[in-house]
Amino acid sequence: MSELAWDAIATITAVVGNVIAVIVAVLSLRRADQALVQAADISERAMSAHYAIEGAAAAIAWRDQVIALHDRGLSPEEIRAIMLLEDGGEGYERANGRIDDILSAIPRSGS
């Protein structure tokens, strides 16, 4: 074969190799993009679960405080006045349970 034929084969081989490399790179980028979207979705779900657990813990702590004050003989109005003194206390009752509803079926301890 002539030198020109070998040069043509080498050029064609190089072009085909580069085309394959570009195709592999594009496919890899698509996979990476899909993985990034999936990771963002998982992260969002994990954050939502974290806030749900944190919110449930806050509601349980709120109710424990309300019941403890109720057991000390305080009325719902007195408990509300105390709980409103907490930082951000105004929104707690709306978010964690109305004091009147929490205490509606709970007798005072010792009663």
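Quick caveat: nothing in here was measured; it's all calculated off a predicted structure. (Residues numbered from 1 in each chain as written. Predicted model: local features only at pLDDT ≥ 70, side-chain atom pairs only at ≥ 80, totals over all residues. Heavy atoms only, no water.)

What follows is about the overall build of the protein. Summing up its helical and strand segments, the protein has four helices and zero strands in all. Its helices and strands taken in sequence order, the protein reads α-α-α-α from the N to the C terminus. Relative to a compact globule of 111 residues, whose C-alpha radius of gyration would be 13 Å, the protein shows 33 Å and is clearly more extended. Overall size of the protein, expressed as C-alpha extent along the three principal axes, is 110 × 25 × 15 Å. (Helix = DSSP H or I, 4+ residues; strand = E, 2+ residues; numbered from the N terminus. Rg over C-alpha atoms; globule rule 2.2 N^0.38 Å.)

It is worth spelling out the environment of His-70 at this point. The topology assignment puts His-70 in helix H1 (residues 3-71). A relative accessible area of 8% means that His-70 is categorised as buried. In this structure, the C-alpha to C-alpha distance between His-70 and Ile-99, residues 29 residues apart in sequence, is 9.7 Å. In contact with His-70, not counting residues within four places along its chain, are Ile-79, Leu-103, Ile-106, Pro-107 and Arg-108. (Buried < 20%, exposed > 50% of the residue type's maximum accessible area, 1.4 Å probe, protein only. Contact = heavy atoms within 4.5 Å.)

This part takes up H1. Here H1 spans 100 Å end to end across 69 residues, near enough to the 102 Å set by a 1.5 Å rise per residue. For H1, the set of buried residues is Ala-59, Trp-62, Val-66, Leu-69 and His-70. Buried residues along H1 sit against helix H2 (76-83), helix H3 (89-96) and helix H4 (99-103). Two residues or fewer past H1, Gly-73 is found with a positive phi of approximately 100 degrees. (Expected span 1.5 Å × (residues − 1).)

It is worth spelling out the nonpolar core at this point. Listed in full, the nine residues of the largest apolar core are Trp-62, Val-66, Leu-69, Leu-74, Ile-79, Met-83, Ile-99, Ile-102 and Leu-103. Residue assignment for this core shows that the elements contributing at least two residues are H1, H2 and H4. Contact partners of Val-66, with chain neighbours within four places excluded, come to Ile-79, Met-83, Ile-99, Ile-102 and Leu-103. (Core = buried A, V, L, I, M, F, W, Y, C linked by side-chain atoms within 4.5 Å.)

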